[in-house]
Amino acid sequence: MKIKTEAGERHVLAVTVDNEAGILAKITGLFSARGYNIESLTVADISADHALSRITIVTSGPPAVIDQIIAQLDRLVPVHKVTDLTDQGAHVEREIALVKVAGTGDKRIEALRMADVFRAKVVDTTLTSFIFEITGTSDKVDRFIALMRECGLVEVGRTGVVAIGRGSEAL
Amino acid sequence: MTEMSGADMVVQALVDLGVDTVFGYPGGAVLPIYDALFNHPTIKHVLVRHEQAATHAAEGYARSTGKPGVVLVTSGPGATNAVTGITDALLDSIPMIVLTGQVPTNLIGTDAFQECDTVGITRHCTKHNYLVMDPDRLGAIMHEAFYIATHGRPGPVVIDIPKNVQVATGKYSLPEKIEHQSYRPQVEPDADAIAQAIDMIAAAERPIFYTGGGVINAGPDASAALRQLVSLTGAPVTSTLMGLGAFPSDDPKWLGMLGMHGTYESNMAMNRADLIIAVGARFDDRVTGRLDAFSPDSKKIHIDIDRSSINKIVPVDLAIVGDAGRALDALIAAWADKGHKPRDLGEWWRRVDGWRATRCLDFPEKKEASADIMPQRAVKALFDATRGRDPIITTEVGQHQMWAAQHFGFSAPNRWLTSGGLGTMGYGFPAAVGAQIAHSGRLVICIAGEASLQMNIQEMGTVSQYRLPVKIFILNNEWMGMVRQWQELTYESRYSNSYSDSLPDFVKLAAAYGWTGLRIDTLGELEAGIQTMIDTPGPVIVDCRVAKLANCFPMIPSGAAHTDMILQPNDIVGTMDDEAKALV
Ligand SMILES: Cc1ncc(C[n+]2csc(CCOP(=O)(O)OP(=O)(O)O)c2C)c(N)n1
Ligand SMILES: [Mg+2]
């Protein structure tokens, strides 16, 4: 017997929660307990009094599963609001990566040239290395990192996705 | 605002919240609270013999009264022993507050004596949990916890209280209004959805009500409303295991329980219906059978207080989020407002009666006095003998549980206490203790299997201590019967580790605890034995020996459709494939 799995589509969820101890464990535990995917998860407090945090989750699943994820998140006691930004329409997604490349000569020049094309900033440099800061969609960051692999990439750090809906409306 | 110790605050909050009973077990990390409870004038502390039993007793108390059950246990092993009952309460939506002691805040994280990460361990088996670090917050948390446990879909809430927080002082005041800042369950159903629902009900040719534990949780008024709506519409009613009692079993519109061991008529009616009205039920896998064959031609209305229950397993046509009772009331009002008249459902009822004619709950039986007792017969005899006494029935888990659900009739809610979602062996006896504590004058009977009973049999001591007249009626088949049945059906009768070997002599055990013990061996002794049990004051254990290899039918084998019910043993053909074996 083989176990079957179902294909899904990518969704970006914005979740506002009480900024309390254990909340992240609660959210990630929900995903693992119910077998949902997490492609990326970011969290930081967003209110002046530090009472609220915003969690951005990139997940994937068939529509019924996405619907369940939202309902399951919504029933958690410390969760205020769950918004499916993908469903809601136009939104901006950003991610930052810090990308370290090491090397000398042509590779080094090539790295710098491509960083320029991608509008990555040099945030640290030595005679044998650069650290680039790149901001963009996950796709763009992926592509930049793939190119840097050819140019002496030695280390990457990524923030994961934050996202917000377009226009004047707020959550 | 009054300044008091954390322990006093816990007790004061319990008093202010109307708590009269706490089920618990002491230990180092809760000694301050135990001291505050010492000789308390209004709060009765029931000392169990194992913390798991405290949680099930609290569930029994809650399920039989509608009030939240309260548990008090120490840190570490006290808390971990409570986890099964907490999970049981989560799955069956039972309101429960569990107060756990914790090592002092300065020792948290140091692997201190009897330290465990209680909030971590219970994070996913509670509706919500708290670690109280500040005595000034303790009172508010107590009130908030009760609010959360009892509002919306009920469930267990754990409050973990470090020992120094119990000793230190803080400010306590009675909150005026408790409202959680983010938790606002939707109770009132949407009016448009109600209007749409009532039109669908009025137009249906083959409607059926499929009700669940949510109707019980919504209180006795919800059960009354269900009866009224059913009589207005004339539609048949089935229910889940958890919903038994919401609709009277002697009503002609009652089809019996549905699902894996439900009646043929319920399952066929669900399959052939053109409209299912699900009320406080969650399309559990025990109920639906094979999903792609579940009620293929029906429209579905789903009333539930938990939005995440809707469309979780079965996509529905109309969702009504809200309290089951309020929704039923609104449907009744809408029926009158719109001037709907009951449809002629004669054709539908003729089909239902056709399915009923299979008499699916009949069982083969010898009638002579010396014959083995069929377990179904024992349940029926128990039902007949207790009619008019309004008993509270609890069960353990296994075949006996299903036979009790099939053959014991209930005419009111809060009389049937069973572990449905988690299926916890060891639930039934302590649940009976909790129910008996709440209803001292009532007849409370635990219908038990000999294997399940042994999972919390130590509670016989609790019963003796509090002089509770609990009756345990064991359907003793000397097997973990439900396991043996699956092994017979799925594994060619290779009975791996399912024999109840080395059983105690239950009659002698009764004597050891100061109970009355009885043994019933043959059909001829059954009625008199049951009568003696009822007539004997104080706790009684009845070791009722039943036919050892009886199986529980009807049955929808795992992975099969409602229409593929096995009605009798000789319907079984072949062995199961891996796909079916992989299903629980
Ligand atoms: C705590 C726990 N462990 C294991 C099981 C699996 N299980 C379900 S029914 C059953 C056998 C129960 O035997 P008994 O209490 O004698 O009841 P019977 O089926 O014979 O009526 C078992 C082991 C369970 N439900 N709960
Ligand atoms: Mg047994």
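Note that the coordinates shown come from a computational prediction; the quantities given were computed from them, not determined experimentally.

Description of the overall build of chain B
- Per the secondary structure count, chain B includes 23 helices and 20 strands.
- Its C-alpha radius of gyration of 24 Å places chain B within 12% of the 25 Å reference for a compact globule of 584 residues.
- For chain B, the spread of C-alpha atoms along the three principal axes comes to 70 × 60 × 45 Å.
- In chain B, buried positions account for 61% of the 584 residues.
- Sequence-distant contacts in chain B: of pairs separated by 6 or more residues, those separated by 24 or more amount to 77%.
- Accessible surface, chain B: about 21800 Å² in total, of which carbon and sulfur atoms supply 51%.
- The centroid of the 48 positive side-chain charges in chain B is displaced by 4 Å from the centroid of its 65 negative side-chain charges.

A few points about helix α15 (residues 375–386) of chain B
All names here are of chain B.
- With twelve residues, α15 should cover 16 Å at 1.5 Å per step; its first-to-last C-alpha distance of 17 Å lies within 8% of that length.
- Every buried residue of α15 is listed here: P375, Q376, A378, V379, A381, L382, F383 and T386.
- Where α15 is buried, its residues touch α16 (399–407), β17 (444–449), β18 (471–476), α22 (523–535) and β20 (540–545).
- Of the residues flanking the end of α15, it is G388, one or two places downstream, whose phi is positive at about 85°.

A closer look at the domain arrangement of chain A
Residues and elements named next belong to chain A.
- According to the domain assignment, chain A contains domain 1 (9–88) and domain 2 (91–164).
- When each unit is reduced to the centre of its C-alpha atoms, the spacing between domain 1 and domain 2 is 28 Å.
- Each side of the interface is counted separately: domain 1 has nine residues, and domain 2 has nine residues.
- Among the residues domain 1 hides against domain 2, the three largest losses belong to R10, T42 and L85. Together they make up 50% of the total.
- Our count for the contact surface shared by domain 1 and domain 2 stands at one salt bridge.
- Notably, a salt bridge pairs E93 with R10, separated by 2.9 Å at the nearest N-O pair.
- Along the contact surface separating domain 1 from domain 2 lie five residue pairs in polar contact (both at pLDDT 80 or more).

Remarks on the coordination of the magnesium ion (ligand 2)
Residues and elements named next belong to chain B.
- Each protein donor to the magnesium ion (ligand 2) is listed here as E450 (OE), E450 (OE), N477 (OD1) and W479 (O); together their distances run 2.1 to 2.7 Å.
- The coordination sphere of the magnesium ion (ligand 2) comprises six donor atoms, whose angles at the metal cover 52 to 173°; the geometry is irregular.
- Motif for the magnesium ion (ligand 2), donor spacing along one chain: E-x26-N-x1-W. With E450 in helix α18 (residues 450–453) and N477 in the loop between β18 and α20 (481–490), this pair connects stretches of sequence that are 27 residues apart. When sorted by exposure, E450 lands in the same class as N477, which is buried.

Things to note about the site of ligand 1
Residue and element names in this part refer to chain B.
- Taken together, 17 residues are adjacent to ligand 1, and Q399, G423, S452, W479 and G481 come closest.
- In the model, an oxygen atom of ligand 1 is placed 2.6 Å from a nitrogen or oxygen of the S452 side chain.
- Here ligand 1, which alone exposes 580 Å², has 77% of that area covered by the protein.
- Looking at the shell around ligand 1, the elements that each hand over two or more residues are α16, α18 and α20.
- A class-by-class count of the residues in the shell around ligand 1 yields eight nonpolar, eight polar and one charged.

Some words on the pattern of salt bridges
All names here are of chain B.
- This structure, assessed with the given rule, holds 32 salt bridges over all chains.
- Measuring nitrogen to oxygen at the nearest pair gives 3.5 Å for the salt bridge that ties R350 to E347. On the criterion of helical spacing, the pair formed by R350 and E347 is a turn pair, its members being three residues apart in helix α14 (residues 346–356).
- Put simply, E478, D543, R545 and K548 are held in one network by salt bridges that share partners.

Reading the values: the criteria
Residues numbered from 1 in each chain as written. Chains lettered and ligands numbered in written order. Predicted model: local features only at pLDDT ≥ 70, side-chain atom pairs only at ≥ 80, totals over all residues. Heavy atoms only, no water. Helix = DSSP H or I, 4+ residues; strand = E, 2+ residues; numbered from the N terminus. Rg over C-alpha atoms; globule rule 2.2 N^0.38 Å. Buried < 20%, exposed > 50% of the residue type's maximum accessible area, 1.4 Å probe, protein only. Contact = heavy atoms within 4.5 Å. Areas by Shrake-Rupley, 256 points an atom, 1.4 Å probe, with all protein chains shown as cover. Lys, Arg positive; Asp, Glu negative; His and termini not counted. Charge placed at Lys NZ, Arg CZ, Asp CG, Glu CD. Expected span 1.5 Å × (residues − 1). Domains from an automatic or database assignment. Buried area = accessible area lost by both parts, 1.4 Å probe. Salt bridge = Lys/Arg side-chain N within 4 Å of Asp/Glu carboxyl O. Polar contact = N/O pair within 3.5 Å; in protein donor to acceptor, adjacent residues only side chain to side chain. Donors = N, O, S within 2.8 Å, 3.2 Å for Na, K, Ca; no water. Tetrahedral: all angles 85-135°; square planar, octahedral: opposite > 155°, others 65-115°. Near = heavy atom within 4 Å. Nonpolar A, V, L, I, M, F, W, Y, C, P; charged D, E, K, R; others polar.

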